[in-house]
Amino acid sequence: HSIRFVVRKARRSGLSASTTSYREVMEVTGFVGAPVGGRSFVGGTAAIPTGRPRVGAASTARKLRPRVQISAQQAGLFTSSDPSVRKVTPDNDGANADRKVMKVVYVVLESQYQSSMTAAAKSINAKSENVSVEVSGYLLEELRNERNYELFKEEIAEANVFIGSLIFVQELAEKVVEAVRPHKERLDACVIFPSMPEVMKLNKLGSFTMDKVGQSKSAIASFMKKRKQQQGASFEDGMLKLLRTLPKVLKYMPSDKAQDARSFMMSFQYWLGGSPDNIESFLLMICDNYVKAVPSVDIAIAEPEVYPDVGIWHPLAPKMFEDIAEYTEWYDSVHMPEAGIPSDAPTVGLVLQRSHMITRDDCHYVSLVSELEANGARVIPVFAGGLDFSVPVNRFFYHPGTTKANVDTVVSLTGFALVGGPARQDHPKAIEALRRLDRPYMVALPLVFQTTEEWKS
C-alpha cells in the first residue's frame, strides 16, 4: 500500500514544467523498511518480485524477472535478537590443526557490515593455511539486552581485535567503553571508526592512539572543530578526500608513528569501501601488522577498492553512475523498454546509503526499486558515502544543465537527516536543498537498526 501511495502521490501531483509546484515537506512513517513479503534472502539469488505491471504486453512484463544477487539480514527485533547466529568459527581440525586464530569482536550501528564481515572471515578461513579468523558481531542496540551485553564482555576478554563504528547513542557508548577499556592495553588492536569521543579514545594501532580526542587543547580537535564550523556537514566529504590522500603521504615518512597512523587511515579506507574484498584486506592487514600470536599472513593484501562517494545506483545497472545524463540514457533506452515502464511514468527519486550497496546488504533497496517500477514508476536512486545527502539531491535530481527537477517526489531511506548524522545535523542546508527542489519529500521509517516500537520510544 505504501508503494502505491508513493506512485499515486507522484501521479496526482502531476509535477511538470507547466504545473503548480509543492512547498511541503512530508514525513511518512510506517513505510517499507523490510524485504517484500517479510522474507529475507541471505547470500543467494532471488527473482525480483514484479507485482502487477500496468503497462506493456505480458511478454514484456515477464522480462522484469531477472535474477539479481542480493543479500539481507534479519529485519527488526534487534534488542531481542541473538548475536550468536552471526558468529563465524573456523574449522581448525585435521589438516588445519596448526592454524593460529585471530579473534575479532565488532559492534556496528546497522546490519549492513555483518554480511561483509562474515564473507571476509569465511574467505580467509577457506584460503589461508596458517591463519584463521573467528568473528563475533553485535548490533549496537543488542547491547541493551543484559544477556547479550554479558556475552559481549566475555568475548572482549578473549579477543585479539575490537572494531566499532557509529557508536553515537550515549548510554550504549558508555556500555561499550565500560566493557572494552579494561582490555585496551591487552588487545593487539582496537579500531574505532566515527563514534562519540569517549569511544574514539579506545583506538589503538601500535603507537597510534586517540587519547586526546575531545580535549580543547588538542590541535587536531581544534582544527576539526574550526573546519566543521566553516563547512557544516560538508566536512564529512572533505574527510573522505583527506583519507584518500593522507596514506600516500604517510607511506614515505619513516617513523613508526607515521606508519601506524597510515594503518589507521588505510583501515578507514577499507571500512568505507565496505565490500567483502575490502573487509578481507582490512582484517589481513590488521592481522599481519599487529596480532602478535599470529604469523605473517599467506594471502596477498590488496589496496582498498574505491567506490564513488556520490552517484546513482540501480540493481540491474552495469555500474554505479556518476552522471545523470549517462544514467538516463541507460535507463530510458535499455531498462525501461525491457521492464515495460511507460515513457510518461512519474519519477520517484530515492535517497540511499552507499554502505548498503557496497556491503551487498541491499535487499530492501532492491525490493523497493522493483515494487515501484512494477507499479508503473521510473526511479532515480541516488546515494552518498558521507552524511551530506543534499549533494546527490542537488547533483542528480535536475535535468542536466537546468534548474528543472527531473523527479516528481522524493523518498529518503537513509534513516538519517538529509544533511548530517546521529551526532550533528545541518538543518538550514537541508531546507535550502529541499526548498530549491520544490517536490514532495517523504522520510521512511528506518527499520535497519531498530523496530517500529523502538523508534517510537
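For the structure itself, look to the data block above.
Residues numbered from 1 in each chain as written. Predicted model: local features only at pLDDT ≥ 70, side-chain atom pairs only at ≥ 80, totals over all residues. Heavy atoms only, no water.

A. Region of interest: the pattern of salt bridges. Applying the stated criterion across every chain, the model contains 15 salt bridges. It is possible to trace a salt-bridge network through shared partners that takes in Lys87, Glu134 and Glu155. (Salt bridge = Lys/Arg side-chain N within 4 Å of Asp/Glu carboxyl O.)

B. Structural context of the nonpolar core. Within the largest apolar cluster, 120 residues are counted, with the highest numbers of intra-cluster contacts made by Phe152, Phe162, Ile163 and Leu283. In terms of residue count, helix α10 (residues 276-290) provides more of this core than any other element does, eight residues in total. Excluding anything up to four places from it in sequence, Phe152 contacts Val105, Val107, Tyr138, Leu143, Phe162, Val176, Ala179 and Val180. (Core = buried A, V, L, I, M, F, W, Y, C linked by side-chain atoms within 4.5 Å. Buried < 20%, exposed > 50% of the residue type's maximum accessible area, 1.4 Å probe, protein only. Helix = DSSP H or I, 4+ residues; strand = E, 2+ residues; numbered from the N terminus. Contact = heavy atoms within 4.5 Å.)

C. Layout of the pairing of strand β10 (residues 347-353). Most of β10 is tucked away, with seven of its seven residues classed as buried. Residues Thr347, Gly349, Val351 and Gln353 of β10 are buried on one face, and the alternating residues Val348, Leu350 and Leu352, pointing to the opposite face, are buried as well. Two strands pair when backbone bridges link them, and β10 and strand β12 (residues 409-412) are joined in this way by four bridges, in the parallel orientation. Each bridged residue has a counterpart across the sheet, and for Val351 the counterpart in β12 is Ser412. (Pairing = 2+ DSSP bridges.)

D. Region of interest: the sheet that holds strand β8 (residues 208-209). Spatial ordering of the open sheet is given by β4-β3-β5-β6-β7-β8, a layout of six strands whose pairing is mixed. In the strand order of this sheet, the two ends are held by β4 (131-139) and β8, each with one partner. Sheet topology places strand β3 (residues 100-108) next to strand β5 (residues 161-165); five bridges connect them, and they run parallel. Its bridge partner lying in β5, Val104 is registered against Val161. Against the sheet, α10 touches β3, β4, β5, β6 (189-192) and β7 (204-205), its axis set at about 145° to β6. (Axes fitted to C-alpha atoms, helices over the stretch in contact; angles between N-to-C directions.)

E. Just the environment of Leu284, in detail. As for its placement among the helices and strands, Leu284 is situated in helix α10. The buried category is assigned to Leu284, whose relative accessible area is 2%. For the pair Leu284 and Val297, spaced 13 residues apart in sequence, the C-alpha separation works out to 6.9 Å. Here Leu284 is in contact with Ile124, Val297, Ile299, Ala300 and Ile301, once residues within four sequence places are set aside.

F. Region of the structure containing helix α5 (residues 170-180). Looking at α5, one finds that the buried residues are Leu172, Ala173, Lys175, Val176, Val177, Ala179 and Val180. In the core, the buried residues of α5 are packed alongside α4 (146-158), β5, β6 and α6 (197-200).

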